[in-house]
Amino acid sequence: MAVITAAMVGELRAKTDAPMMECKKALTEADGDMAKAEELLRVKLGGKASKAASRITAEGVIASVVQGNVAAMIEINCETDFVTKNDDFIGLANKVVALVAQHNPVDVPALLALPLDGATVDVVRAALIGKIGENMSIRRFQRIETSAKVASYLHGTRIGVLVEFDGADEQVGKDVAMHIAAMKPVSLSSDQVPADLIEKERSVASLKAQEDATKAVAEGKTPQSAEIVAKRIDGSVQKFLKEVSLLNQTFVKNDKQTVEQMLKAANASVKSFTMYVVGEGIEKKQDDFAAEVAAQVAAAKQA
């Protein structure tokens with residue numbers, strides 16, 4: 001049996017926003033497996049856990065540029081939120097994304113080797129690390145060159161979107177980019193949703209159905225038939241597909257339309273999109289949760 005530490009409970013709580021005792025129970029049931037415990041909490045707590053699980057902890061900025069039919073977007077990471085407001089750090093991001101648009105490097109190492117301010121991007125980056133005293137890295141970038149149109153949207157410096165679209169109305173592209181930043185679809189259409197995400201959602205729906213059946217038996221009720229349960233699970237998956245595919249989502253500026261209906265009315269279409277969220281998928285260094293709680297208790301007593 002795995003030992004469940006306060007740090008583990010704190011990490012799961014940060015990911016799911018679930019109560020501490022629920023986190024501890026889930027970790028105990030999962031024998032310390034963080035991913036399994038998170039899934040168990042999703043089953044028990046529903047959407048609250050999945051929404052909280054998408055919170056991003058790593059720091060950095062997103063920068064973008066549109067030059068005619070060429071657009072580029074980049075994510076540069078740092079250690080603390082303080083540095084994300086540093087003018088030199090933001091300036092580096094803006095200079096480097098312009099290089100991406102101009103030179104079309106094949107990958108990050110190729111980008112680091114490009115000339116910048118009389119040196120290379122990597123040398124300038126290293127010099128800025130020495131000046132600020134905090135590590136920073138270029139994580140990823142996207143470049144689009146198209147015969148269609150490109151729209152860009154930045155939500156502050158933490159979320160960036162590029163949209164490749166066709167249509168006479170330039171505002172359509174901007175509206176779609178803002179919608180994507182708000183609703184965070186994972187694909188253009190439901191048939192493009194990654195299979196692993198679908199399978200995970202089906203697994204959660206199945207576990208939820210099993211839990212409901214166990215609860216019904218405990219309460220002396222008759223569990224739903226296998227046929228009804230299968231329909232419920234399929235319904236949950238179909239609902240998920242609509243929620244995460246751009247064209248099926250309800251348009252944020254008009255809840256009477258889907259994005260697909262809005263585009264059709266505007267005689268427009270979306271060919272592709274890219275969305276970056278700062279630190280997405282990066283595990284931030286975990287603090288000592290037990291020490292943090294103790295410090296908060298001590299502060300409360302002093303107050």
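Before reading further, recall that the structure is shown in the block above.
What you are looking at is a predicted structure, and each value in this text was computed from that prediction instead of being measured. (Residues numbered from 1 in each chain as written. Predicted model: local features only at pLDDT ≥ 70, side-chain atom pairs only at ≥ 80, totals over all residues. Heavy atoms only, no water.)

This part takes up the overall build of the protein. Along the protein, the regular secondary structure elements total 12 helices and eight strands. Split into buried and exposed, the 303 residues of the protein put 39% on the buried side. Summing over all exposed atoms, the protein offers an accessible surface of approximately 16,600 Å²; the carbon and sulfur share of this is 53%. (Helix = DSSP H or I, 4+ residues; strand = E, 2+ residues; numbered from the N terminus. Buried < 20%, exposed > 50% of the residue type's maximum accessible area, 1.4 Å probe, protein only. Areas by Shrake-Rupley, 256 points an atom, 1.4 Å probe, with all protein chains shown as cover.)

By the definition in use, this model includes zero aromatic pairs. Over the ring of tyrosine 276 we find arginine 140; its NZ or CZ atom is 4.1 Å from the centre of that ring. (Phe/Tyr/Trp six-rings, centres within 6.5 Å; stacked < 30°, edge-to-face > 60°. Lys NZ or Arg CZ within 6 Å of the ring centre and 35° of its normal.)

With 17 residues, helix H5 (residues 87-103) should cover 24 Å at 1.5 Å per step; its first-to-last C-alpha distance of 24 Å lies within 8% of that length. The set of residues buried in H5 consists of Phe89, Leu92, Ala93, Val96, Val97, Leu99, Val100 and Ala101. Tucked inside the fold, the buried residues of H5 contact strand S1 (59-67), strand S2 (70-78), helix H6 (108-112), strand S3 (115-116), helix H7 (121-132) and strand S5 (136-145). Put simply, asparagine 86 is the residue that caps the front of H5, since its side-chain oxygen is 2.8 Å from the backbone nitrogen of aspartate 88. (Expected span 1.5 Å × (residues − 1). Contact = heavy atoms within 4.5 Å. Polar contact = N/O pair within 3.5 Å; in protein donor to acceptor, adjacent residues only side chain to side chain.)

Taken in spatial order, the three strands make up an open sheet running S1-S2-S5, and their pairing is antiparallel. Of all strands in the sheet, those with a lone pairing partner are S1 and S5, marking the two edges. Adjacent strand axes in the sheet meet at a mean angle of 15 degrees, parallel and antiparallel pairs treated alike. Strand direction decides the pairing type here: S2 and S5, joined by nine bridges, are antiparallel. For isoleucine 76, the partnering residue across the bridge sits in S5 and is isoleucine 138. Contacting S1, S2 and S5, H5 runs over the sheet at an angle of about 145 degrees to S2. (Pairing = 2+ DSSP bridges. Axes fitted to C-alpha atoms, helices over the stretch in contact; angles between N-to-C directions.)

With that settled, the discussion passes to the packing of H5 against H7. Running from amino to carboxyl end, H5 crosses H7 at an angle of 170 degrees, the nearest separation of the two axes being 11 Å. Considering the angle they form, H5 stands roughly antiparallel to H7. Contacts between H5 and H7 pair Asp88, Phe89, Leu92, Val96 and Leu99 from the former with Val121, Val124, Arg125, Leu128 and Lys131 from the latter. Looking at the contact of H5 with H7, its residues break down into seven nonpolar, no polar and three charged. (Parallel < 35°, antiparallel > 145°, perpendicular 65-115°, else oblique. Nonpolar A, V, L, I, M, F, W, Y, C, P; charged D, E, K, R; others polar.)

Right, let's get into the pattern of salt bridges. In a structure, side chains of opposite charge can pair up when their charged atoms sit close to one another. Evaluation of the coordinates by the stated rule reveals 18 salt bridges. Glutamate 280 is paired through a salt bridge with arginine 140; the nearest N and O atoms lie 3.7 Å apart. With glutamate 280 in the loop between strand S8 (269-277) and helix H12 (289-302) and arginine 140 in strand S5, this pair connects stretches of sequence that are 140 residues apart. By relative accessible area, glutamate 280 is classed as partly exposed at 31%. (Salt bridge = Lys/Arg side-chain N within 4 Å of Asp/Glu carboxyl O.)

Now for the nonpolar core. Of all hydrophobic cores here, the largest spans 29 residues; its most connected members are Ile74, Leu92, Val96, Leu111, Val121 and Ile138. At the level of secondary structure, the elements contributing two or more residues to this core comprise S1, S2, H5, H6, H7 and S5. In terms of residue count, H5 provides more of this core than any other element does, eight residues in total. Beyond its immediate sequence surroundings of up to four residues, valine 121 is in contact with Val96, Leu99, Leu111, Leu112, Leu114, Leu116 and Ile138. (Core = buried A, V, L, I, M, F, W, Y, C linked by side-chain atoms within 4.5 Å.)

On to the side chain of serine 187. Within the fold, serine 187 resides in the loop between helix H8 (170-183) and helix H9 (195-218). Residues within four places of serine 187 in sequence aside, it is in contact with Gln192, Val193, Val244, Ser245, Leu246 and Phe273.

The subject of this paragraph is unusual backbone geometry. With a phi close to 55 degrees, aspartate 31 is a non-glycine residue in the positive phi region. Backbone geometry at lysine 184 places phi at a positive 50 degrees, although glycine is not the residue there. Examined against the element boundaries, lysine 184 turns out to sit in the loop between H8 and H9.

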